[in-house]
Amino acid sequence: MLPCRMTENPDMAPIGERAYYLSLALDARRALNAIRGFSRGSEPSDELKDSLRSATESLRAIAAHESLYAKLSPEHYVQFEEIQTLREVSSSIDCVALLRTLESLLSEDSSAAAAADLTSARKFFRALESRALHHYYDPGSHETVMA
Amino acid sequence: MPALREDLRHDLAALYAFIDSITSEIGSKRSFAAYGPAADSFFEFVSGLADRCKDYISGWSVADPEEFEDRRGELSTLRAAWQELHVLVKPTLDADTLQAPLAVVDGLVRRFQEVPACAGTTFAIFHTSDFNYAEVRTTSLRPIIEKFANIIPSPPSFPPNLGLIGMPYSQGRTAFANCLVAHEMGHYLYTRLPLQKELKSRIDSAVQAFPNSEEKKSEYRDVIVQKLTIWAEELFCDLFAVRLAGPCYTYAYIEAFDLCVILDWDGKLSDDRLLGRLEFYDKYPSHIYRLQQQAIFLRESPWWDHISNARQGKSPSRSASLLAQVIPITPELHVKSNPRHGRLISVLDPVLSHVRETLGKVFNGVDDEFASFSQLNIHIHNYLAAGIVPSTINMRLGVGKDDTYIAPASPVVLLNSGMDFYLNHMPDLITSIPGEDLSSFERRLHWLRRLEEWIAKALEDQSLEGEAGSVDSGALGN
């Protein structure tokens, strides 16, 4: 959830673009499918590494209370909706532990990643996919497909 | 796992049926309606993607609860992706060649293709039920489709350079209102420019200078930067449309949003009605602010002399007079009228100068068409006053029999000259026809429709001439 003061102050009310939530859900799904392949013994794919890198960099910035939206860098989630959803999901998890997990999966010897790391990463991306779809299905956001 | 397997099969069958219902609709409507190549390529893409997706989910199996959990989530995401496409298919099917204002939009697309960054772009038209023109963010749709590719094996590619533009279903027969499509074309271009990144950076720096430290916190700053960036995009698209189409865009904008309402009996700004219309919306600056920016932009262009009738020594039309009167509205009044957004508005000024600078680069080398308009406007008016379609304008060079040449009138010239005639000369046209009644709205509507048809026909004739000169079938291929 957004901090209460943000939603109470009309200036601070965020505006959601529906398609970007779907885009985030598809990103998370890509990561989950790559994790599925990896847990069955495949080499970590480029897709998995890209997904892990985006999530890691964005989580790091959020943990450091940096403004992400204005930066627009391919290493991060770039859309406002993606960043806000990531903030929501990260507020209910141990970010430091998750960052450690994602970094271990990104490391050179990721093939030795513990099953617990994969479970933890899977849990995070499922939460991200689910939250993004929740916003996507918000009936009030329907008209934002177009501009 | 039999129960889980059956549950998944049930849900997969539901998704399969949903995808099938979309493609069936496409097949059914395309069997009797005709579409331009842009719309056809969109339908081909959707049908191809549906086939790949159905093949993909047909091969799913569930070995354990973990896999069920995984596939169930994937199914949900695929369904959402199909819902996204579902929104676009029906309104695009509704806008077949008999329903869409193809001549006007085709003319504007041809103009759009003259912009160096936009050559080769095509637009499929769809209908909206709102009285609103809309551009589907194909720039967000395209990455979504590419993300499909990471899930569904061998999906078709989204057609390159394809834009999707929505227009109100009721406006198919109009010409002048559809000049508003130029704004939506601006959205298409905007996301292909580095402008958004530049604007965010400038806005972020300005927000950091705000005295209120609360607003500098990352979450708040993101929200403020997003809001200002969205406003700046709308303003970019307005100014893009003005530069692309000329003042006919602004006149169509005034009429669509009934902005002459702020003029009183004497044609002067009514303070009461003005003050009630200065408040910004969450996603848009106020219409008056947007109109003011368009007026300022036009004042810096060669069109302004004609708008203000400075050279002709005539009084400007009511819409032109409105343009001149909104220019002096002070920034302080905008800020004061926006208790919610006041300090954000103050950031827009420096942002707008960057927007204007960018537009200068985008249109570098693109003729604003004013010289041609100045030369042909009076002749086009003479044609229209005589009820003649101004497809080809015969110009006289001298008194000799053969001292004539045919001057081509571009879409920009035709639309602006037609709009100029509509704003200034409709009463002359109607009263010149024996038996016509200027006070009859029905007769005014009749002659307005005729005028729009003459302009649309002239645009269509041009498009056909273009086809004859090349194998290309026009911007929309209709």
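1. Brief notes about the overall build of chain A
Summing up its helical and strand segments, chain A has 6 helices and 0 strands in all. In chain A, the succession of helices and strands from N to C terminus is α-α-α-α-α-α.

2. Concerning the domain arrangement of chain B
Residue and element names in this part refer to chain B. Per the domain assignment, the segments of chain B are domain 1 (2-176), domain 2 (195-362) and domain 3 (370-468). With 6 residues of domain 1 in contact, the opposing surface of domain 2 contributes 5 residues. Residue composition of the side of domain 1 that touches domain 2, by class: 5 nonpolar, no polar and 1 charged.

3. Some words on the environment of valine 242 of chain B
Residue and element names in this part refer to chain B. Along the chain, valine 242 turns up in helix H8 (residues 218-245). By the C-beta count within 10 Å, which is 25 here, valine 242 ends up buried. In this structure the C-alpha to C-alpha distance between valine 242 and histidine 183, which are 59 residues apart in sequence, comes to 8.3 Å.

4. Looking at the confidence of the model for chain A
Residue and element names in this part refer to chain A. Across chain A, pLDDT averages 74, with 70% of residues at or above 70. In the model of chain A, helix H1 (residues 4-8) stands out as the element of lowest mean pLDDT, 32, in contrast to helix H6 (residues 115-136), which has the highest, 90. Below a pLDDT of 50 lies the segment residues 1-14, which in the model reaches 19 contacts outside its immediate sequence neighbourhood of four places, other chains included. Low confidence marks residues 143-147, where pLDDT is under 50. Its contacts with residues over four positions away, or in another chain, come to 15 contacts.

5. What to know about the packing of helix H2 (residues 18-39) of chain A against H6 of chain A
Residue and element names in this part refer to chain A. Contact geometry of H2 with H6 gives a least axis separation of 8 Å together with a crossing angle of 155°. Taken as axis vectors, H2 and H6 run roughly antiparallel relative to one another. Handedness of the crossing formed by H2 with H6: left-handed. Together, Arg18, Tyr21, Leu22, Leu24, Ala25, Ala28, Arg29, Ala31, Leu32, Ile35 and Ser39 of H2 and Leu118, Ala121, Arg122, Phe125, Arg126, Leu128, Glu129, Ala132, Leu133, His135 and Tyr136 of H6 make up the contact between the two elements. Tallied by class, residues from the contact of H2 with H6 come to 15 nonpolar, 2 polar and 5 charged.

6. Here's the deal with helix H17 (residues 411-424) of chain B
All names here are of chain B. For H17, built from 14 residues, the straight-helix expectation of 20 Å at 1.5 Å per residue is met to within 8% by its first-to-last C-alpha distance of 20 Å. Within H17, 12 of the 14 residues are buried, which leaves the element mostly enclosed by the surrounding structure. Pro411, Val412, Val413, Leu414, Leu415, Asn416, Ser417, Gly418, Met419, Asp420, Phe421 and Tyr422 are the residues of H17 that are buried.

7. What about helix H9 (residues 247-256) of chain B?
All names here are of chain B. The buried count for H9 comes to 8 of 10 residues, which makes it a mostly enclosed element. Every buried residue belonging to H9 is among Pro247, Cys248, Tyr249, Thr250, Tyr251, Ala252, Tyr253 and Ile254, and all of these are buried. Backbone geometry just downstream of H9 places aspartate 258 in the positive-phi region, at approximately 55°.

8. Some remarks on unusual backbone geometry
Residues and elements named next belong to chain B. One non-glycine residue, aspartate 258, adopts positive backbone phi at about 55°. With respect to the secondary-structure elements, aspartate 258 resides in the loop between H9 and helix H10 (271-275). With a phi angle near 70°, glutamate 369 is a residue other than glycine that sits in the positive phi range. With respect to the element layout, glutamate 369 can be found in the loop between helix H15 (342-362) and helix H16 (370-385).

9. As for the nonpolar core
Ala25 of chain A together with Cys179, Ala182, Ala245 and Tyr249 of chain B are the most contacted members of the largest nonpolar core, which totals 149 residues. The leading source of residues in this core is H8 of chain B, at 16 residues. If near-sequence neighbours (up to four positions away) are discounted, alanine 182 of chain B is found in contact with Leu108, Ala241, Leu244, Ala245 and Tyr249 of chain B.

10. A closer look at the packing of helix H4 (residues 102-112) of chain B against helix H6 (residues 181-190) of chain B
Residues and elements named next belong to chain B. The N-to-C vectors of H4 and H6 enclose an angle of 40°; their axes lie 10 Å apart at closest approach. As far as their axial angle goes, H6 and H4 are oblique. Crossing geometry of H4 relative to H6 is assigned as right-handed. Contacts between H4 and H6 involve Val105, Leu108 and Phe112 on the former and, on the latter, Val181, Ala182 and Met185. Taken together, the residues that form the contact of H4 with H6 break down as 6 nonpolar, no polar and no charged.

11. Some thoughts on the environment of threonine 392 of chain B
Residue and element names in this part refer to chain B. For threonine 392, the position within the fold is in the loop between H16 and strand E4 (393-396). You can call threonine 392 partly exposed: it has 15 C-beta atoms within 10 Å. C-alpha separation for the pair threonine 392 and glutamine 462, spaced 70 residues apart in sequence, amounts to 8.6 Å.

12. With respect to the environment of threonine 358 of chain B
Residues and elements named next belong to chain B. Structurally, the position occupied by threonine 358 is in helix H15. As a C-alpha pair, threonine 358 and serine 317 span 41 residues in sequence and 31 Å in three-dimensional space. If sequence neighbours within four positions are ignored, threonine 358 has contacts with Leu193 and Leu195.

13. Regarding the confidence of the model for chain B
Residues and elements named next belong to chain B. Per-residue confidence for chain B gives a mean pLDDT of 85; residues scoring 70 or more make up 89%. At the low end of the mean pLDDT range in chain B sits strand E2 (residues 134-136), at 56; at the high end sits helix H11 (residues 287-299), at 97. Among the prediction metrics, the complex's ipTM stands at 0.80, with pTM recorded as 0.80.

What counts as what
Residues numbered from 1 in each chain as written. Chains lettered and ligands numbered in written order. Predicted model: local features only at pLDDT ≥ 70, side-chain atom pairs only at ≥ 80, totals over all residues. Helix = DSSP H or I, 4+ residues; strand = E, 2+ residues; numbered from the N terminus. Domains from an automatic or database assignment. Contact = placed C-beta atoms within 7 Å. Nonpolar A, V, L, I, M, F, W, Y, C, P; charged D, E, K, R; others polar. Buried ≥ 20, exposed ≤ 12 C-beta atoms within 10 Å, placed from the backbone. pLDDT = per-residue confidence, 0-100. Axes fitted to C-alpha atoms, helices over the stretch in contact; angles between N-to-C directions. Parallel < 35°, antiparallel > 145°, perpendicular 65-115°, else oblique. Left-handed = near helix turned anticlockwise from the far one by under 90°. Expected span 1.5 Å × (residues − 1). Core = buried A, V, L, I, M, F, W, Y, C linked by C-beta atoms within 7 Å.

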